[in-house]
Amino acid sequence: MAASDIAPASSPVRMGLVGGGPGSFIGPVHAMAARLDGRIQLVAGAFSRDAARSREAAIGYGVAPERGYPSLDAMLAAEAQREDGIEFITIATPNAHHAVAAKAAIAAGVAVMSDKPMTATLDEAREIVAMLKHNPVPFGLTYTYSGYPLVREMRARIASGAIGTLRKVVVEYNQGWLAGDANGKQAEWRVDPRTAGLGGCIADIGVHAFQLAEFVTGTRVAQINADLGAVVPGRVLDDDCQMFLRFAGGARGLLMASQVMTGEGNDLAIRVYGDKGGMRWNQENPNQLTVLKAEGGMEIVRAGDPSLGTAAQASSRLPGGHPEGLLEALANLYTDFAGHLRGAPDTLVPSADEGLRGMALIATAVAASRDNAGWVDLAV
């Protein structure tokens, strides 16, 4: 069953958006993706700390202006009094605000979908995981690339033994948009530790690469050897990262993430090799998966192919040859999350535990690189 064929269970899940006010890039992306399959309705938001701007944003999103609140606390309190109040929040703010919003929602018994990284610090992530043990509301993270159909196909084939014993993983995420001065709202907060947290590039895109590597292989990274740097003069947080990886079970790997590779767009790619074959996937060409065979030759697997497994088929909306991209991948996470909130037992939405591992990567890599520590354990 394709994602677009899934009928709403009784009624759409009601969503409140935190952030996404005037000038936001990621807020409208979340709103579009959440609405795509008709499983979710955006009904409220704390879009801005300025009351007038929050009401203005509400109108822009098609939300009743009185449900555009000046704070999350105000939204949680008011929506709790409504029969049609929000059932979950999406956090689409700079990193420094993630933990406060998540903890407030959890305390109120409201489910959470958070942008990555989960928090600004590892301690904050640990606090959230501890809260969820006592108040286990559904919690998901928008590691968007795990929603692509062929990423899910890659994961399923590797789990079935298609490449044999895992030996080598190479994942890279190359961007160039911060190769010069960080001008504009979206750039400025990412290079400021007060809003971004401990890490720069490693927290913004490095965790995407890390999560993708663990997601598709089903194997966790046990040790890292990290080299992070601030290439642009005057920059405090890292904008260029590379690290060697050692996976549980003995596989070796390499992770590279950079936002100063001049001219690059959004080049996220992963290559995985075992003793029986390998696989390659690239986000800028997401509708094609290359399968390498030990005996020679290769197979090109396309999105929409009838031979795809259950997870990939369920994550596709269009026949083969019709490209699907980032919005559809993010929509898959939202559709999975909505199903979970309506009682579906299984979900591929990244969990708080994956968020905690991402924060452990950031903290460990920053400290190890600063101290020139070499190989260190990745301990959560």
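Residues numbered from 1 in each chain as written. Predicted model: local features only at pLDDT ≥ 70, side-chain atom pairs only at ≥ 80, totals over all residues. Heavy atoms only, no water.

1. Considering the overall build of the protein
- On a plain count of helices and strands, the protein comes out with twelve helices and 14 strands.
- Here the C-alpha radius of gyration of the protein, 20 Å, is about what a compact globule of 380 residues would show, namely 21 Å.
- Along the first, second and third principal axes, the C-alpha set of the protein runs to 65 × 50 × 40 Å.
- Expressed as a percentage of the 380 residues in the protein, the buried residues total 54%.
- Considering only contacts within the protein whose residues lie at least 6 apart along the sequence, 69% involve residues at least 24 apart.
- Counting only carbon and sulfur atoms, one obtains 52% of the accessible surface of the protein, whose full area is about 15600 Å².
- For the protein, the centre of its 33 positive side-chain charges and the centre of its 40 negative side-chain charges are spaced 3 Å apart. (Helix = DSSP H or I, 4+ residues; strand = E, 2+ residues; numbered from the N terminus. Rg over C-alpha atoms; globule rule 2.2 N^0.38 Å. Buried < 20%, exposed > 50% of the residue type's maximum accessible area, 1.4 Å probe, protein only. Contact = heavy atoms within 4.5 Å. Areas by Shrake-Rupley, 256 points an atom, 1.4 Å probe, with all protein chains shown as cover. Lys, Arg positive; Asp, Glu negative; His and termini not counted. Charge placed at Lys NZ, Arg CZ, Asp CG, Glu CD.)

2. As for the packing of helix α6 (residues 149–159) against helix α9 (residues 201–217)
- In contact at an axis separation of 7 Å, α6 and α9 are set at 45 degrees when each is read in the N-to-C sense. By the criterion of interaxial angle, the relationship of α6 to α9 is oblique. Contacts between α6 and α9 involve Val151, Arg152, Met154, Arg155 and Ile158 on the former and, on the latter, Leu212, Phe215, Val216 and Thr217.
- Residues of the contact of α6 with α9, tallied by class, amount to six nonpolar, one polar and two charged. (Axes fitted to C-alpha atoms, helices over the stretch in contact; angles between N-to-C directions. Parallel < 35°, antiparallel > 145°, perpendicular 65-115°, else oblique. Nonpolar A, V, L, I, M, F, W, Y, C, P; charged D, E, K, R; others polar.)

3. Quick look at the pattern of salt bridges
- All told, the structure shown has 20 salt bridges when counted by the stated rule.
- Here Asp84 makes a salt bridge to Arg82, at a shortest N to O gap of 2.8 Å.
- Here Asp336 and Arg152 are joined by a salt bridge, their closest N and O atoms 2.9 Å apart. Within this pair, whereas Asp336 is found in helix α11 (residues 326–341), its partner Arg152 is found in helix α6, the two being separated by 184 residues in sequence.
- Its relative accessible area of 4% is what places Arg152 among the buried residues.
- Through salt bridges with shared partners, a single ionic network connects Arg67, Glu79, Arg82 and Asp84. (Salt bridge = Lys/Arg side-chain N within 4 Å of Asp/Glu carboxyl O.)

4. Details of unusual backbone geometry
- With omega at -15 degrees, the peptide bond leading from Lys116 into Pro117 counts as cis.
- Looking at where Pro117 falls in the secondary structure, it is placed in the loop between β4 (111–114) and α5 (122–134).
- Not every positive phi belongs to a glycine, and Asn372 is a case in point at roughly 50 degrees.

5. A look at the nonpolar core
- Grouped together as the largest cluster of nonpolar side chains are 86 residues, with contacts concentrated most on Ile89, Met118, Phe139, Met243 and Ile270.
- The leading source of residues in this core is α9, at eleven residues.
- In contact with Ile270, not counting residues within four places along its chain, are Met154, Val169, Val170, Val171, Leu212, Ala213, Val216, Met279, Arg280 and Trp281.
- Core analysis: the next-biggest nonpolar cluster, separate from the first, contains 25 residues, Val13, Tyr61, Ala331 and Leu333 among them. (Core = buried A, V, L, I, M, F, W, Y, C linked by side-chain atoms within 4.5 Å.)

6. Regarding the confidence of the model for the protein
- Per-chain confidence: the protein averages 95 in pLDDT, with 97% of residues scoring 70 or above.
- Across residues 4–9 the pLDDT falls below 50, and counting only partners more than four positions away or on other chains, this stretch makes eleven contacts in the model. (pLDDT = per-residue confidence, 0-100.)

7. Remarks on a nonpolar patch on the surface
- Together, Phe244, Leu254 and Trp375 make up a nonpolar patch on the protein surface, roughly 260 Å² of accessible area in all.
- Here Leu254 shows up in strand β9 (residues 252–258).
- Overall, Leu254 belongs to the partly exposed group, its relative accessible area being 31%. (Patch = residues over 30% accessible without salt bridge, like charges linked within 9 Å, V, L, I, M, F, W, Y side chains within 5 Å.)

8. A word on the sheet that holds strand β12 (residues 288–293)
- Read from one edge to the other, the open sheet built from nine strands follows the order β13-β12-β11-β10-β6-β9-β8-β7-β14, with strand pairing classed as mixed. In this open sheet, the two strands that pair with only one neighbour each are β13 (298–302) and β14 (375–377). Averaged over all adjacent pairs, the angle separating strand axes in this sheet is 15 degrees, with direction ignored.
- The pairing of strand β11 (residues 277–282) with β12 spans five bridges and is classified as antiparallel. Looking across to β12, one finds that Trp281 is bridged to Leu289.
- With respect to the sheet, α9 is in contact with β6 (166–174), β7 (221–229), β8 (240–247), β9, β10 (267–274) and β11, its orientation differing from that of β6 by roughly 150 degrees.
- Sitting on the sheet, helix α12 (residues 352–371) touches β7, β8 and β14, and the angle it makes with β7 is about 55 degrees. (Pairing = 2+ DSSP bridges.)

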